[in-house]
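Letter by letter, the chains look like this.
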Amino acid sequence: MQTAHAIPHTGVHEEHHEDAGFWRTYIFSTDHKVIGIQYGVTSLAFLLLGFCLMLMMRWQIAHPSERVPLVGGLLEKVLGASQGKMDPQLYNSFGAMHGTIMVFLAIVPLAFAAFGNYVVPLMIGAPDMAFPRVNMASYQSYVIGGVIMLVSFFIPGGAAQAGWTSYSPLATSIATNGQTFWLIGMVFLITSSLLGAVNFIATIIQLRAPGMTWMRMPFFVWSQFVTAFLLLLAFPPLEAAGIMQLMDKVAHTSFFLPTGLAVSTLQNISGGGSPLLWQHLFWFLGHPEVYVLILPAMGIVAEVIANNTRKPIWGYKSLVYSAMTIGFLSFIVWAHHMYMTGMGIRIATFFQTTTMIISIPSVIILTCMFLSLWGGSIRFNTPMLFVMAFLPMFGIGGLTGLPLGFNFSDLHLHDTYYVIAHFHYVVAPGTIFALFAGIYYWYPKMTGRMMSEFWGQVHFWLSLICMNLIFQPMFAQGMAGMIRRMSDGGANYTAAHNSQLGMDVIGGLSPTLMHLHVWILYAAVCLGLAQIPFIINFFWSIKHGKPAGSDNPWHATTLEWQTPTPPPHGNFAKPPVVYRGPYEYSVPGHATDFTPQNQPDNA
Amino acid sequence: MEIPYTTEIRKDTGLYNAKVGIWLFLASEVMLFGALFSSYILLRVGAPEGYWPHGWLTVWLGTLNTLVLITSSITTVMAWASLKMKNFGSFKLYHAITLCCAVCFLCIKSYEYHDKFIHNEVTLKDGRIADGHLVKKTADGIVLEGHFVTDRKELFNLATPFLGHPKHEEIEIKNSEIATMSNYGPAHHTYNAIYFTLTGLHALHVIGGAVVIFYLWAFGAKMWKEDPERFTNRVEISGLFWHFVDLVWIFLFPVLYLL
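Cut-off values and rules
- Residues numbered from 1 in each chain as written.
- Chains lettered and ligands numbered in written order.
- Predicted model: local features only at pLDDT ≥ 70, side-chain atom pairs only at ≥ 80, totals over all residues.
- Helix = DSSP H or I, 4+ residues; strand = E, 2+ residues; numbered from the N terminus.
- Buried ≥ 20, exposed ≤ 12 C-beta atoms within 10 Å, placed from the backbone.
- Contact = placed C-beta atoms within 7 Å.
- Rg over C-alpha atoms; globule rule 2.2 N^0.38 Å.
- Core = buried A, V, L, I, M, F, W, Y, C linked by C-beta atoms within 7 Å.
- Nonpolar A, V, L, I, M, F, W, Y, C, P; charged D, E, K, R; others polar.
- Domains from an automatic or database assignment.
- Expected span 1.5 Å × (residues − 1).
- pLDDT = per-residue confidence, 0-100.
- Bend = angle between axes of the 7 residues up to and from the residue.
- Pairing = 2+ DSSP bridges.
- Axes fitted to C-alpha atoms, helices over the stretch in contact; angles between N-to-C directions.

Brief notes about the overall build of chain A
Here is step 1: Scanning chain A for helices and strands turns up 18 helices and four strands.
Here is step 2: Seen through its principal axes, chain A has C-alpha atoms that stretch 80 × 55 × 50 Å.
Here is step 3: Split into buried and exposed, the 603 residues of chain A put 53% on the buried side.
Here is step 4: Restricting the contact set of chain A to residue pairs at least 6 apart, pairs at least 24 apart contribute 78%.

Okay, here's the thing in structure tokens:
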């Protein structure tokens with residue numbers, strides 16, 4: 001804001017009042033759209049990194065103790081992996097960081113912070129977020145947290161190794177400072193989402209344009225609103241738990257360390273702590289976090305479906321109330337992750353019941369989405385394809401969760417590959433597909449150009465096939481008893497099954513199930529290759545994509561399409577007034593098949 | 001571009017933006033301290049019978065600190081009310097008192113911390129336990145101001161009425177006699193751990209609140225001339241945070257000192 005090169009006012013597209021300079025415009029920006037894009041690009045980079053970690057792990061699972069191809073030399077040089085092989089410690093730290101990066105650094109920032117920042121103020125007709133500088137601080141805090149996580153790979157002993165759940169006393173007793181880095185990084189990430197959540201809720205409450213009543217808000221805004229409340233209220237207990245684990249690590253307290261704990265020898269600690277306490281506090285965040293991952297995705301799906309079926313979304317009010325119910329119930333289901341801890345039958349019964357109840361609003365939402373397709377003249381463009389795939393994929397993910405919600409069936413499936421398949425169906429071909437849909441859908445608003453339709457479809461079909469090839473076999477492996485987090489993919493158990501006992505033992509895995517690891521590896525490599533068209537498309541289209549042609553290329557009704565493209569600082573050429581609900585498509589007797597929210601009745 | 005409702009009130013919500021923001025922030029703070037208080041409960045009920053300490057903290061110091069914080073809360077309201085009545089001078093005076101109270105609180109708290117760090121429990125090789133404050137360290141031993149017990153359990157109930165505090169005397173212990181020695185820092189017992197964590201986090205909040213109030217009192221006060229209403233709102237927001245910090249202490253004091 002120091003320089004005074006005023007650009008003459010030639011029209012709404014040049015509404016930049018002063019040239020703020022590169023740093024202020026792109027790095028330390030307080031504009032919600034720039035921050036949204038910063039979040040988007042950073043989190044996509046983390047998404048790729050998290051995937052690459054997993055790719056290396058899948059190699060290790062399929063070919064235990066063989067040199068990792070292509071990157072083996074790099075692992076040896078940078079992370080000290082002997083002969084470029086992945087030892088169990090490295091496998092464990094990659095596993096822990098894959099989970100951490102995917103959940104806290106990739107999907108939540110992309111679903112909540114990136115799309116939320118860019119789209120929500122536009123959708124409610126606001127000039128910016130309520131607290132622009134807090135918004136900037138939120139992104140910076142996120143970057144600092146991310147950098148701390150990345151740095152932890154390179155310290156002696158490597159990154160955290162106790163899984164993204166960081167259960168104590170394991171997390172406390174592993175002899176690396178990776179866990180300390182993890183905890184400090186998490187404090188920054190929690191601060192970031194706290195600042196974001198406060199900002200989102202305040203913005204949605206305070207900055208809705210005149211006429212934008214609560215029940216005229218697009219479902220996407222509702223989903224972000226509920227998500228923000230989950231982040232606001234569920235993250236602090238994890239922060240408390242993180243502080244306590246940090247005290248255990250640094251000040252040698254015993255919050256989570258029981259009396260008489262021995263790690264090869266008896267530990268010199270005061271004892272008296274409770275490992276179960278960590279699990280309760282972790283999952284108090286951990287379960288609402290699942291809905292943080294899925295709700296924004298459902299919001300995107302609702303927008304894309306309404307737009308591409310050219311008819312109102314089915315059961316808007318049911319969607320809104322279901323989202324609110326999910327938000328509330330998600331706080332009282334957490335201990336269904338802990339049936340195996342022996343916390344008691346009564347508690348398990350309570351959480352089993354609430355878990356079954358929370359599936360009702362989720363099913364209502366999915367049903368509304370399916371019914372919305374009925375009788376629509378569907379446009380099968382890339383965003384719509386991703387959304388159409390989201391519906392059954394998320395359905396599989398959700399329904400396979402029911403056996404895990406029941407105490408008795410969970411005892412068999414707990415901590416197996418079945419669990420991995422279940423939640424990856426929810427998050428990978430579920431949420432990530434919805435996020436891809438969102439990228440293809442809002443890209444023309446952000447850049448003024450369309451992404452290539454052809455390469456978008458290539459990206460879609462390859463991703464859909466590979467995702468299923470990766471995760472479908474894991475259901476079978478898991479039901480046969482293959483335990484997760486084994487650095488050799490269960491080869492030890494197979495040896496027991498084949499040679500020594502000569503009969504079926506629990507955990508002894510057949511060669512067919514073991515060989516699926518190899519096929520999963522191939523599918524994962526293909527999934528990686530399938531992202532190349534997307535990455536190229538994403539960058540190439542910024543300059544060379546087909547021009548969007550108008551401010552509203554999809555003929556949408558919601559307010560973000562009624563701004564100049566890309567929206568200038570301050571968003572709207574003149575403050576919008578809202579006259580109608582969000583999904584007035586194909587109104588009988590109307591000249592066009594869409595009626596924007598800010599179009600007066602007599603126009 | 002201007003963000004609406006930064007100062008003026010939105011009609012249908014009856015609030016300006018920052019007020020929504022601070023209440024949301026405080027809601028998340030409630031969850032943060034709520035989780036720590038819940039942990040306290042779990043650790044306490046999980047402790048073996050007779051091994052949860054009573055009377056390890058000095059009640060009168062805690063009471064004094066409670067009074068100091070309550071005073072600061074009153075002056076915070078008065079500072080805001082002064083601005084509402086356009087009396088900038090008394091705002092300056094009241095918030096000066098608030099800041100003094102904050103510093104006073106932190107000083108008392110540091111003294112209490114120091115008291116815990118020099119307090120040692122020493123197990124001798126003959127099985128006796130010496131417990132007391134470290135007076136001095138010499139080349140071949142230590143001097144404690146304290147007493148001997150034979151059963152460690154005796155150390156955990158110092159709050160029993162009528163028995164009174166055990167008699168303290170100077171105890172000299174040679175290094176060669178010491179089996180283990182630990183001060184009453186966080187690692188001593190889960191009670192100390194939760195005590196230091198809760199009060200430490202609370203103290204960080206006191207420091208944070210005091211820094212904001214000091215900024216508004218000293219440098220930020222020039223906004224009073226340009227935009228008095230906005231400045232008053234800022235004082236209100238920082239005041240809400242300060243009240244929350246006080247409120248946390250109102251819970252901390254009985255939980256840690258009295259129960």
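Details of the overall build of chain B
Here is step 1: Regarding its fold elements, chain B presents six helices and five strands.
Here is step 2: If you list the helices and strands of chain B from N to C, you get α-α-α-β-β-β-β-β-α-α-α.
Here is step 3: On C-alpha atoms alone, chain B measures out to a radius of gyration of 24 Å, which is more than a quarter above the 18 Å that the 2.2 N^0.38 rule sets for 259 residues.
Here is step 4: Overall size of chain B, expressed as C-alpha extent along the three principal axes, is 75 × 40 × 35 Å.
Here is step 5: Each of the 259 residues in chain B was classed as buried or not, and the buried ones make up 33%.
Here is step 6: Residue pairs at least 24 apart in sequence account for 66% of intrachain contacts in chain B once pairs closer than 6 positions are excluded.

What about the nonpolar core?
Here is step 1: Grouped together as the largest cluster of nonpolar side chains are 230 residues, with contacts concentrated most on Ile 201 and Val 301 of chain A.
Here is step 2: Per element, the largest residue contribution to this core is 23 residues, and it comes from helix α4 (residues 88-123) of chain A.
Here is step 3: Setting aside residues up to four positions removed in sequence, Ile 201 of chain A forms contacts with Phe 225, Ala 228, Phe 229 and Leu 232 of chain A together with Leu 24 of chain B.

Concerning the interface of chain B and chain A
Here is step 1: With 30 residues of chain B at the contact, the number on the chain A side is 34 residues.
Here is step 2: Listing elements by their share of the side of chain B that touches chain A, those giving two or more residues are α1 (17-46) and α4 (190-218) of chain B.
Here is step 3: Looking at the side of chain B that touches chain A, its residues break down into 19 nonpolar, 10 polar and one charged.

A short note on the domain arrangement of chain B
Residues and elements named next belong to chain B.
Here is step 1: Per the domain assignment, the segments making up chain B are domain 1 (35-116 + 188-258) and domain 2 (120-183).
Here is step 2: Between the C-alpha centres of domain 1 and domain 2 there is a distance of 34 Å.
Here is step 3: In this complex, domain 1 contributes eight residues to the contact, which on the side of domain 2 involves seven residues.
Here is step 4: Taken together, the residues of the side of domain 1 that touches domain 2 sort by class into four nonpolar, four polar and no charged.

Notes on helix α3 (residues 88-117) of chain B
Here is step 1: Here α3 of chain B contains 30 residues, and its C-alpha end-to-end distance of 43 Å stays within 8% of the 44 Å for a straight helix at 1.5 Å per residue.
Here is step 2: Buried residues along α3 of chain B sit in contact with α2 (59-84) and α4 of chain B.

A word on the environment of Met 247 of chain A
Here is step 1: Summarising the element assignment, Met 247 of chain A is placed in helix α8 (residues 219-250).
Here is step 2: For the pair Met 247 of chain A and Thr 180 of chain A, spaced 67 residues apart in the sequence, the C-alpha separation amounts to 9.7 Å.
Here is step 3: Not counting residues within four places of it along the chain, the set of residues in contact with Met 247 of chain A comprises Thr 253 and Phe 255 of chain A together with Pro 186, Ala 193 and Thr 197 of chain B.

Digging into the confidence of the model for chain B
Here is step 1: Confidence in the prediction for chain B averages 93 pLDDT; 97% of positions are at 70 or higher.
Here is step 2: Under the prediction, the complex receives an ipTM of 0.95, its pTM being 0.94.

Some points on α8 of chain A
For an α-helix the count is 3.6 residues per turn, leaving residues at separations of three or four pointing the same way.
Residues and elements named next belong to chain A.
Here is step 1: With 32 residues, α8 extends 45 Å between its outermost C-alpha atoms, agreeing within 8% with the 46 Å of an ideal straight helix rising 1.5 Å per residue.
Here is step 2: Phe 235 marks where α8 bends most, by close to 30°; the proline Pro 236 follows one to four residues later.
Here is step 3: Among the 32 residues in α8, 30 count as buried, and that is most of the element.
Here is step 4: Phi for His 252, located one or two positions after α8, is positive at around 60°.

Digging into the sheet that holds strand β2 (residues 129-138) of chain B
All names here are of chain B.
Here is step 1: Taken together, the five strands give an open sheet; going across it, the order is β4-β3-β2-β1-β5, and neighbouring strands pair in antiparallel fashion. Either end of the sheet is taken by a strand with one partner, and the two such strands are β4 (169-174) and β5 (178-183). Neighbour to neighbour, the strand axes of the sheet diverge by 40° on average, direction disregarded.
Here is step 2: Inspection of the sheet shows strand β3 (residues 141-149) paired to β4 by six bridges, in the antiparallel sense. Within β4, the position partnered with Gly 146 by the bridge is Glu 169.

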